[in-house]
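Spelled out, the chains give:
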Amino acid sequence: FCKTLVMNIKVLGISTSPRIKGNSDLLLCRALAGAESAGANTKYLRLPDYKVSPCIECNACYATGLCKVQDDYQQLLKKILDTDHLIFATPIFFMTVCAQAKMLIDRCQCLWAHKYVLKKELNTTGNDRRGMVIAVGGSRSKKQFESVRLTMKSYFDSLQVHYTANLFVNKIDALGEIEKHPTAMNEAYRLGSQLVDADTLPSDKPINIELT
């Protein structure tokens, strides 16, 4: 049987690394290449190129479902809601996502309010929105990924995105070092392709690939 080649599926890759061509960034590009090979329309977004301020916990979103702080977050949110599938890539800082990633995630408190306080559904592209997480850390400990899992589970829930897959790699630190890890590069490509495969239905738990 031939797998269905899905055209016009939109996949947005968000690179949160402050380093250009950092390790998580390089894996994201491979994942997007995999998605494109499966027929998806892919877009790459580098988060540090945008101005995103931290959440100020004013709770204005509890009444409106919208964020009161005006900066580049609004255009980023539109891109996120307009995509079918999302690939989110982050380096590990102090056992969790980097600061740039966390500011974007925290600003989505308005989406949490929209869903759980105001009891409203988001205006998104459809019901089969899927999300994949890429995280790379220099520590030997795989415990560094536990916080990422919990954070991204909550984030994807607010975005109404099904948490589909993780690609976690530890003991990688130097700029571009991941290119010497062909297994990680190949897994990123494979998972990116699988993300948009119409014949692969998401399971209750994300696929979890952890590499050393």
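Presented here is a report on the structure given in the accompanying data block. (Residues numbered from 1 in each chain as written. Predicted model: local features only at pLDDT ≥ 70, side-chain atom pairs only at ≥ 80, totals over all residues. Heavy atoms only, no water.)

## Description of the overall build of the protein chain
Helix and strand counts for the protein chain come out as seven helices and seven strands. The N-to-C order of helical and strand elements in the protein chain reads β-α-β-α-α-β-β-α-α-β-α-β-α-β. Seen through its principal axes, the protein chain has C-alpha atoms that stretch 50 × 45 × 30 Å. When burial is assessed residue by residue, the protein chain has 49% of its 212 residues classed as buried. Here the analysis covers contacts within the protein chain between residues at least 6 apart in sequence; of these, 82% occur between residues at least 24 apart. For the protein chain, the exposed area adds up to about 10,800 Å²; of that, 54% sits on carbon and sulfur atoms. Distance between charge centres in the protein chain, computed from 27 positive and 21 negative side chains, equals 2 Å. (Helix = DSSP H or I, 4+ residues; strand = E, 2+ residues; numbered from the N terminus. Buried < 20%, exposed > 50% of the residue type's maximum accessible area, 1.4 Å probe, protein only. Contact = heavy atoms within 4.5 Å. Areas by Shrake-Rupley, 256 points an atom, 1.4 Å probe, with all protein chains shown as cover. Lys, Arg positive; Asp, Glu negative; His and termini not counted. Charge placed at Lys NZ, Arg CZ, Asp CG, Glu CD.)

## As for the nonpolar core
If you look at the biggest cluster of nonpolar residues, it comprises 37 residues, and the most contacted ones within it are Ile14, Leu104, Met152, Tyr155, Phe156 and Leu159. Elements supplying a minimum of two residues to this core: strand S1 (10–15), helix H3 (73–81), strand S3 (85–93), helix H4 (99–107), helix H5 (109–117), strand S5 (130–136), helix H6 (146–159) and strand S6 (162–169). When near neighbours in sequence (up to four residues on either side) are disregarded, Leu159 contacts Ile80, Leu81, Leu86, Leu111, Leu122, Thr124 and Arg129. Residues Ala31, Ile87, Ile134 and Ile178 belong to the second largest nonpolar core, which totals 28 residues. (Core = buried A, V, L, I, M, F, W, Y, C linked by side-chain atoms within 4.5 Å.)

## A short note on the environment of His181
Following the sequence through the fold, His181 ends up in the loop between S6 and helix H7 (182–195). In this structure, the C-alpha to C-alpha distance between His181 and Leu211, residues 30 residues apart in sequence, is 9.5 Å. Among residues more than four places away in sequence, those in contact with His181 are Val169, Ile172, Leu211 and Thr212. Within the structure, His181 has its side chain in polar contact with the backbone oxygen of Thr212 (distance 3.2 Å). (Polar contact = N/O pair within 3.5 Å; in protein donor to acceptor, adjacent residues only side chain to side chain.)

## Quick word on H4
Those residues of H4 not exposed but buried are Ala101, Leu104, Ile105 and Arg107. Taken end-on, H4 shows its buried residues confined to a sector of 165 degrees, consistent with a single buried face. Its buried side turned inward, H4 meets S1, H3, S3, strand S4 (96–97), H5 and H6. (Arc of directions from axis to C-beta.)

## Observations regarding a nonpolar patch on the surface
On the surface, a cluster of nonpolar side chains totalling about 330 Å² of accessible area is made up of Tyr62, Trp112, Tyr116 and Val117. With three residues, the top contributor of residues to the nonpolar patch is H5. The topology assignment puts Tyr62 in helix H2 (residues 61–64). (Patch = residues over 30% accessible without salt bridge, like charges linked within 9 Å, V, L, I, M, F, W, Y side chains within 5 Å. Salt bridge = Lys/Arg side-chain N within 4 Å of Asp/Glu carboxyl O.)

## So, the packing of aromatic side chains
Overall, the coordinates contain six aromatic pairs when judged by the stated rule. When the centroid spacing of 6.1 Å and the interplanar angle of 45 degrees are considered together, the rings of Tyr62 and Trp112 count as tilted. Of the two residues, Tyr62 is situated in helix H2 and Trp112 in helix H5; the sequence distance between them amounts to 50 residues. By relative accessible area, Tyr62 is classed as partly exposed at 32%. Ring geometry for Phe145 against Phe168: centres 4.6 Å apart, planes inclined by 5 degrees, an arrangement best described as stacked. (Phe/Tyr/Trp six-rings, centres within 6.5 Å; stacked < 30°, edge-to-face > 60°.)

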